[in-house]
Amino acid sequence: MAETLEFISVYDDATTKFLENEFTRLEDECYLDHAGATLYSDTQIKDVAADLHGSLYANPHSVGIASSSTQDMIERTRYRILSHFNTSPDEYSVIFTSGATASLKIVAEGFRFAESDDNGTEHVGDFVYVQDNHTSVLGMRDVVAARGTEVTCLGHDRAFQVFNQYSIPRDSDEERRTNGNSLFVYSAQCNFSGLKYPLKWIRDTHMGALSAVASKPSTRWYVLLDAAGFAPTNNLDLSIFKPDFVCLSFYKMFGYPTGIGALLVKNSSSGLLEKVYYGGGTVDVALSSEMFHKKRQALHQRFEDGTVPFLSIVTLQHGFEVLARLTIDKISKHVFSLARALHYSLLMLHHCNGKPVVKLYSDTDYEVHDSQGGIVTFNLIRSSGEYVGYMEVVNMAALFKIHLRTGCFCNPGACQRHLSLSPKEILENYEAGYTCGGTADLINGKPTGAVRISFGYMSTIKDVRTLLLMITKCFIDEPCIRKFPRWWEDRETKVRNKYLRFYNSNILDNCNFRITSSEKDAISDNSRNYIHDEIKNLDCTRNSVGSGKIITRVNKCTLRRLFIYPIKSCGAYEIMDSWNLNAKGLEYDREWMIMTPSGTCLTQKHQVNVCLLKPVILRQQKIMKLTYPGMNKLYAY
C-alpha cells in the first residue's frame, strides 16, 4: 500500500485552491525536481505576457523615454530583490549575472586575496571551502590557485568540529589581522541531502573561527554564501546574517525567467572585487588608440558587461509577487512537511523478509525545519540486498509520469561522503565508464549516485503518494512490512548531539513534529491512511510486525508465469505453452533491438515509450506481430 504518515497541511484552504488553479498542467504529472528548477505559475506567465505586450522596453544604454523607463524598471527590480532579502541598497548591491555559476566566477576571478603591509610586503590569504559544495564552487579552486592562493577543503565533520570548538573572543582582533584576505565558501543548503548549514557560521568566520585551518592565522576573513538552493524555499534575512557575497539563480526561485541570476555584494566588501576585462556600458571613457580607460564608479555598472538581459530582469517582479502572496516562511514549512512525510514513509518500508527497501542519505532526523530542507535522497535495495540502479528507477518513474533527479546532482563532495566512496573508487569508476550526468549507475554492485526528490512551493501530498505508489508496485517484494529500523533511535540521538549547538535549542527540545515512542508503535501497527484506490488489490500486511515476528521466505517455489522480451527495452511476451531452449536461453528472448539512424541501440533510457511496443510471437507462421497504441499492426517475418 502507498501509505504516508499523517500529513497536516501548512497552507490554508484558500492557498491550496489558489495553487491548484495555478498549476492545472500538473494534474496528471508528478514533478519532484524543484532543486533542479522549480515551476512558474499560470498567473506569473500571464502577467509577464501582459507586461511585455503592453509596454515598450528599450536598450537601457540608449537615450530616450523608453530607455529611461526600462532603466527605471531595472533599478526598481534591484530594490525589489534586496527588499525580498530584508536589506537595502545602503548595505548591499545587486550585480545581474546569467546565474549562480556566473556569480561564483566573478568572485573567483576578482577577489583580492593579496594585501601589502606598511613595509610593502605582500601577504596572500586562503581559499577555504566545505566539501559539500556545487561543482561550480570547485571550479573556483583552479582560478584562485593560479593566483598563488592556498586552497583548503574542509570536510563536513571537520567543519562542524571547527565551528563547534570556536568561541567568540571578548576583544575583536580584526584590526590586527593583516596577512591578506581569505575567503570562505559554503552552501546555505546542501543540494544533495537538504541539510541547511548554519548561517551563524558567517559571523563566526568574520570573527576568525577558521584561523585554525588557515595557513596564515591572522588573515581577514570574508564569506561567499551559495544561496541558489536555499533561497527558493527559505528566508535569507540579510539584516541578521551578513555574508560578503551571495549568489542566486532566479529560475530556482520561481521558474521563469531562466538565464538570469545575481551576485549580492555587501557594500563594505565591494572594494575587494577587482576587474580587468571591461565591456560595453562598464566604462566612463576609453581610448581606442591607447591603453587607457576608466571604469564606472557604481559596482553593478563595472561588472555588468554589455547590455543586461533587460526583458528578463523586468519580468522578475512577477515571480516575487507569487512568493510574496504565499510568504517564504510558509513555503519553508510546507516543503519540510512533505519531505518529512516522505522520509519517514521510506524509512519504514521493508521487504517481506524484513530487509529495508530504501537506503536513505540524510544528515538530519527530519524533525526541525531550521536544519532540514525539502529534499529526500535515497537508493532502492532489492530483498536480496542488491542495489537498484537509479536508471531503472528513472525509467519506472517515467511510466508513472514522475519527474525526478538522479546522479550526484553536481555535488561530488556530498555524493562521495554519503555513498562512502573513496577518491580511489571514484577514479576507478571513471575508468570503468562513469561520468557526471552519465548512465553508469552501478559499478561492481555499488551505486555511483542516488535518486533525489525535491519539493517546491506548489508540491502536494499527492506527489508523495504517487512516488510511494511507484516504489510499492515496482520495487517491493510482498507482503510489505512497515516498521522503524532498530537503529533509528540511536541515529536520532547522534544527530541531535551533533547539530544541537548550531540551531535553536528550544526548537530541538520542544519540537511539535517529533515522533514519540508510543506514536512510533501506533504508526508501525495501525497506520492505514491515504491508500490509493488503484492498489487496493495489493496485500501489504503488517501483522507480523505487531507480533515482533519477521516473515521469512519459503524455499519451495512455484513458477506461475513466464515472459520473454524479444526486442530490447520493448514490451514482454507471455509464454502460454511449451517453449524451446537454445544455447542462449529461451528462444527469441532479447533476439532483436531497435537501431537509430546513427547506428546506436534505442532503449528506454532514451525513449521511455518503447516499452509500449508489444510483440506477439506466432511460431507456426514464423511471424512476430508488433502493436503500439493508436497505430496499425506491424508484421516482421
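- Per an unreviewed UniProt entry, the protein is named Molybdenum cofactor sulfurase, and its organism is Ooceraea biroi.

Let's talk about the packing of helix α4 (residues 100–110) against helix α5 (residues 135–145)
Move 1: Following both chains from N to C, one finds α4 and α5 inclined at 20°, their axes separated by 9 Å at the closest point. Regarding the angle of α4 to α5, the classification is roughly parallel. Crossing of α4 against α5: the hand is right-handed. Where α4 abuts α5, its residues Thr 101, Leu 104, Val 107, Ala 108 and Glu 109 lie against Ser 136, Val 137, Met 140, Val 143 and Val 144.
Move 2: Residues that form the contact of α4 with α5 fall into these classes: seven nonpolar, two polar and one charged.

Digging into a nonpolar patch on the surface
Move 1: Among the surface-exposed residues, Val 285, Leu 287 and Phe 292 lie close enough to one another that they form a single nonpolar patch of about 230 Å² accessible area.
Move 2: For Val 285, the location among the structural elements is in strand β11 (residues 283–287).
Move 3: For Val 285, a relative accessible area of 37% gives the class partly exposed.

Some thoughts on the sheet that holds strand β6 (residues 150–154)
Move 1: With mixed pairing, the seven strands of this open sheet are ordered in space as β2-β10-β9-β8-β7-β5-β6. Unpaired on one side and paired on the other, β2 (92–97) and β6 mark the two borders of the sheet. Within this sheet the neighbouring strands show an average axis-to-axis angle of 20°, counted without direction.
Move 2: Looking at chain direction, β2 and strand β10 (residues 261–266) are connected through six bridges and run antiparallel. From the neighbouring strand, Val 94 faces β10, where its bridge partner is Leu 264.

What about the sheet that holds strand β15 (residues 375–380)?
Move 1: Strands sit in the order β14-β15-β20-β17 across an open sheet of four strands; the sheet is antiparallel. Only two strands of the sheet have a single neighbouring strand rather than two, namely β14 (358–360) and β17 (405–407). For this sheet, the mean angle separating the axes of adjacent strands, direction not counted, is 35°.
Move 2: Of the strand pairs in this sheet, β15 and strand β20 (residues 450–454) are connected by four bridges, and their pairing is antiparallel. Bridge assignment links Phe 378 to a residue of β20, and that residue is Val 451.

With respect to helix α3 (residues 65–84)
Move 1: Helix length check: α3 (20 residues) gives 29 Å between terminal C-alpha atoms against 28 Å at 1.5 Å per residue, within 8%.
Move 2: Residues of α3 that are buried include every one of Ala 66, Ser 67, Thr 70, Met 73, Ile 74, Thr 77, Arg 78, Ile 81 and Leu 82, and no others.
Move 3: Note on α3: the residue one or two positions beyond its end, Asn 86, has a positive phi of about 60°.

Structural notes on the pairing of β6
Strand residues, when the strand is regular, have side chains that alternate between the two faces of the sheet.
Move 1: In this sheet, β6 lies alongside strand β5 (residues 126–130) in parallel orientation, the contact comprising five bridges. Paired with Asp 126 across the strands is Glu 150, a residue of β6.
Move 2: Where the polypeptide runs from β5 across α5 and back to β6, its parallel neighbour, the crossover connection is right-handed.

So, the pattern of salt bridges
Move 1: Per the counting criterion, the structure on display carries 21 salt bridges.
Move 2: Measuring nitrogen to oxygen at the nearest pair gives 3.1 Å for the salt bridge that ties Asp 589 to Arg 590.
Move 3: Given a relative accessible area of 56%, Arg 590 falls into the exposed group.
Move 4: Counted as one network, the salt bridges with shared partners bring together Glu 75, Arg 78 and Glu 304.

Details of the side chain of His 418
Move 1: Among the secondary structure elements, His 418 is positioned in helix α13 (residues 412–418).
Move 2: Under the relative-accessibility criterion, His 418 is labelled buried at 12%.
Move 3: Here Asp 363 takes part through its side chain, which lies 3.3 Å from a polar atom of the side chain of His 418.
Move 4: If near-sequence neighbours (up to four positions away) are discounted, His 418 is found in contact with Phe 192, Ser 193, Tyr 361, Ser 362 and Asp 363.

Focus: the state of the cysteines
Move 1: Per the counting criterion, the structure on display carries one disulfide.
Move 2: Sulfur-sulfur distance for the disulfide between Cys 408 and Cys 415 comes to 2.1 Å. Note on the Cys 408 and Cys 415 pair: the S-S dihedral is about -40°, so by sign convention the disulfide is left-handed.
Move 3: Judged by relative accessible area, which is 13%, Cys 408 ranks as buried.

Looking at the pairing of strand β8 (residues 220–226)
Move 1: Most of β8 is tucked away: six of the seven residues are buried.
Move 2: For strand β7 (residues 181–187) and β8, the ladder comprises seven bridges, and the chain directions are parallel. Following the sheet pairing, Asn 181 is matched in β8 by Arg 220.
Move 3: In this view, the connection linking β7 to its parallel neighbour β8 by way of helix α7 (residues 200–206) has right-handed handedness.

Points about the environment of Val 335
Move 1: Relative to the assigned elements, Val 335 resides in helix α11 (residues 328–347).
Move 2: Residue classification places Val 335 among the buried positions, given a relative accessible area of 1%.
Move 3: Sequence separation between Val 335 and Ser 454 is 119 residues; the distance between their C-alpha atoms is 8.4 Å.
Move 4: Among residues more than four places away in sequence, those in contact with Val 335 are Thr 233, Gly 374, Phe 455, Gly 456 and Tyr 457.

Brief notes about the packing of aromatic side chains
Move 1: For the coordinates displayed, the defined rule picks out 25 aromatic pairs.
Move 2: Ring plane angle 65° and centroid distance 5.0 Å describe the contact between Phe 160 and Trp 201, whose orientation is recorded as edge-to-face. Residue Phe 160 is located in helix α6 (residues 156–165), and its partner Trp 201 is located in helix α7; the two are separated by 41 residues in the primary sequence.
Move 3: Looking at Phe 160, the relative accessible area reads 3%, which means it is buried.
Move 4: Taken together, the ring pairs in this structure connect Phe 160, Phe 163, Phe 184, Tyr 186, Tyr 197 and Trp 201 into an aromatic cluster.
Move 5: The lysine or arginine in question, Arg 325, covers the ring of Phe 18, its NZ or CZ lying 3.7 Å from the ring centre.
Move 6: Stacked on the ring of Trp 579, the Lys or Arg Arg 619 has its end atom at 4.2 Å from the ring centre.

Here is what the cut-offs are and how they apply
Residues numbered from 1 in each chain as written. Predicted model: local features only at pLDDT ≥ 70, side-chain atom pairs only at ≥ 80, totals over all residues. Heavy atoms only, no water. Axes fitted to C-alpha atoms, helices over the stretch in contact; angles between N-to-C directions. Helix = DSSP H or I, 4+ residues; strand = E, 2+ residues; numbered from the N terminus. Parallel < 35°, antiparallel > 145°, perpendicular 65-115°, else oblique. Left-handed = near helix turned anticlockwise from the far one by under 90°. Contact = heavy atoms within 4.5 Å. Nonpolar A, V, L, I, M, F, W, Y, C, P; charged D, E, K, R; others polar. Patch = residues over 30% accessible without salt bridge, like charges linked within 9 Å, V, L, I, M, F, W, Y side chains within 5 Å. Areas by Shrake-Rupley, 256 points an atom, 1.4 Å probe, with all protein chains shown as cover. Salt bridge = Lys/Arg side-chain N within 4 Å of Asp/Glu carboxyl O. Buried < 20%, exposed > 50% of the residue type's maximum accessible area, 1.4 Å probe, protein only. Pairing = 2+ DSSP bridges. Expected span 1.5 Å × (residues − 1). Right-handed = clockwise from strand over helix to strand, strands pointing away. Polar contact = N/O pair within 3.5 Å; in protein donor to acceptor, adjacent residues only side chain to side chain. Disulfide = S-S within 2.5 Å. Phe/Tyr/Trp six-rings, centres within 6.5 Å; stacked < 30°, edge-to-face > 60°. Lys NZ or Arg CZ within 6 Å of the ring centre and 35° of its normal.

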